[in-house]
Amino acid sequence: MGLDMYLFKEKENGENEEVFYWRKAYPIMDFFEAELNGVFNCRYHMVDRVILTELLEFCELFINEGFSALDYYGWHWTDEYEKQEWYDYHMEWVIKTKLFLEKLLPSGDLDKYCYKFYLD
């Protein structure tokens, strides 16, 4: 679970357009699982400005505090994930997510389109 995750926006014709992709970004998966009260594979989960703003805040906390930020949410990681190679990998996804959200949130797109999170 959580190997591939996507953020889609539903276009006016009803088709879904991929706007962001994550691969094994476990901090992001943990955020969505907690925020959406569990995330199920191969299902769309509606997300809105509030959820994506909270994701941005989580990313900022993770960037500033690293894995200790997860304690704030009550999430615990194994020693395997705390190895430097995993830290660097996850941090890269968190930074990419933060940069993406800093562009998306003020763009007005969230007011025009329905956004969906998808876990595969």
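Side note on the nonpolar core
Move 1: Ranked by internal contacts, the top residues of the largest apolar core, which has 35 residues, are Trp22, Ile28, Phe32, Leu52, Leu55 and Phe117.
Move 2: Elements with a contribution of two residues or more to this core: strand 1 (4–10), strand 2 (16–23), helix 1 (26–35), helix 2 (49–65), helix 4 (84–104) and strand 4 (114–119).
Move 3: For Leu55, the residues in contact, after removing those within four places along its chain, are Ile28, Phe31, Phe32, Thr97 and Leu101.

Thoughts on the pairing of strand 4
Side-chain positions along a regular strand alternate between the two faces of the sheet.
Move 1: With five of six residues buried, strand 4 is to be regarded as a mostly interior element.
Move 2: Relative to strand 4, strand 1 runs antiparallel, the two sharing six bridges. In the sheet register, Met5 faces strand 4, and the bridge partner there is Leu119.
Move 3: In this structure, strand 3 (residues 44–47) lies alongside strand 4, joined through four bridges in antiparallel fashion. Looking across to strand 4, one finds that Tyr44 is bridged to Tyr118.

With respect to the confidence of the model for the protein
Move 1: For the protein, mean pLDDT is 87; residues scoring 70 or higher make up 91% of the total.
Move 2: Within the protein, the element-level pLDDT minimum falls on helix 3 (residues 69–73), averaging 75, and the maximum on strand 2, averaging 96.

Describing the environment of Ile63
Move 1: The topology assignment puts Ile63 in helix 2.
Move 2: By relative accessible area, which is 28% here, Ile63 ends up partly exposed.
Move 3: Beyond its immediate sequence surroundings of up to four residues, Ile63 is in contact with Met91, Val94, Ile95 and Lys98.

Describing the pairing of strand 2
Move 1: The pairing of strand 1 with strand 2 spans seven bridges and is antiparallel. Bridging from a neighbouring strand, Met5 pairs with Trp22 of strand 2.
Move 2: Hairpin connection of strand 1 to strand 2: five residues between the antiparallel strands, including Gly14 at a positive phi of 90°.

Points about the pattern of salt bridges
Move 1: According to the stated counting rule, one finds six salt bridges in the structure shown.
Move 2: Ionic pairing is found between Arg49 and Asp111, a salt bridge with its closest N-O pair at 3.4 Å. Taken together, the residues span a long stretch of sequence, with Arg49 in helix 2 and Asp111 in helix 5 (residues 109–112) at a distance of 62 residues.

Reading the values: rules and limits
- For every chain, the first residue of the written sequence is number 1, and numbering continues from 1 onward in sequence order.
- Where local features are concerned, this predicted model is filtered to residues with pLDDT of at least 70; where side-chain atom pairs are given and counted, the filter is 80 or more; whole-chain, interface and lining totals use all residues.
- Note: side-chain values were computed over all heavy atoms of the structure, leaving out hydrogens and water.
- Throughout this description, the term nonpolar core refers to a set of buried Ala, Val, Leu, Ile, Met, Phe, Trp, Tyr and Cys residues connected via side-chain atoms within 4.5 Å.
- A simple rule labels every residue: compare its accessible area, found with a 1.4 Å probe on the protein chains alone, to the largest value its type can have, and call it buried under 20%, exposed over 50%, or partly exposed in between.
- Every helix listed is a DSSP run of H or I at least four residues long, and every strand listed is a run of E at least two residues long, numbered separately from the N terminus.
- The criterion used for residue contact is that any of the two residues' heavy atoms lie within 4.5 Å.
- Two strands pair under a simple rule: DSSP has to find at least two bridges between them.
- Values of pLDDT, ranging from 0 to 100, describe the predictor's confidence in every residue of the model.
- Note on definitions: salt bridges are taken to be side-chain nitrogens of Lys or Arg within 4 Å of carboxyl oxygens of Asp or Glu.

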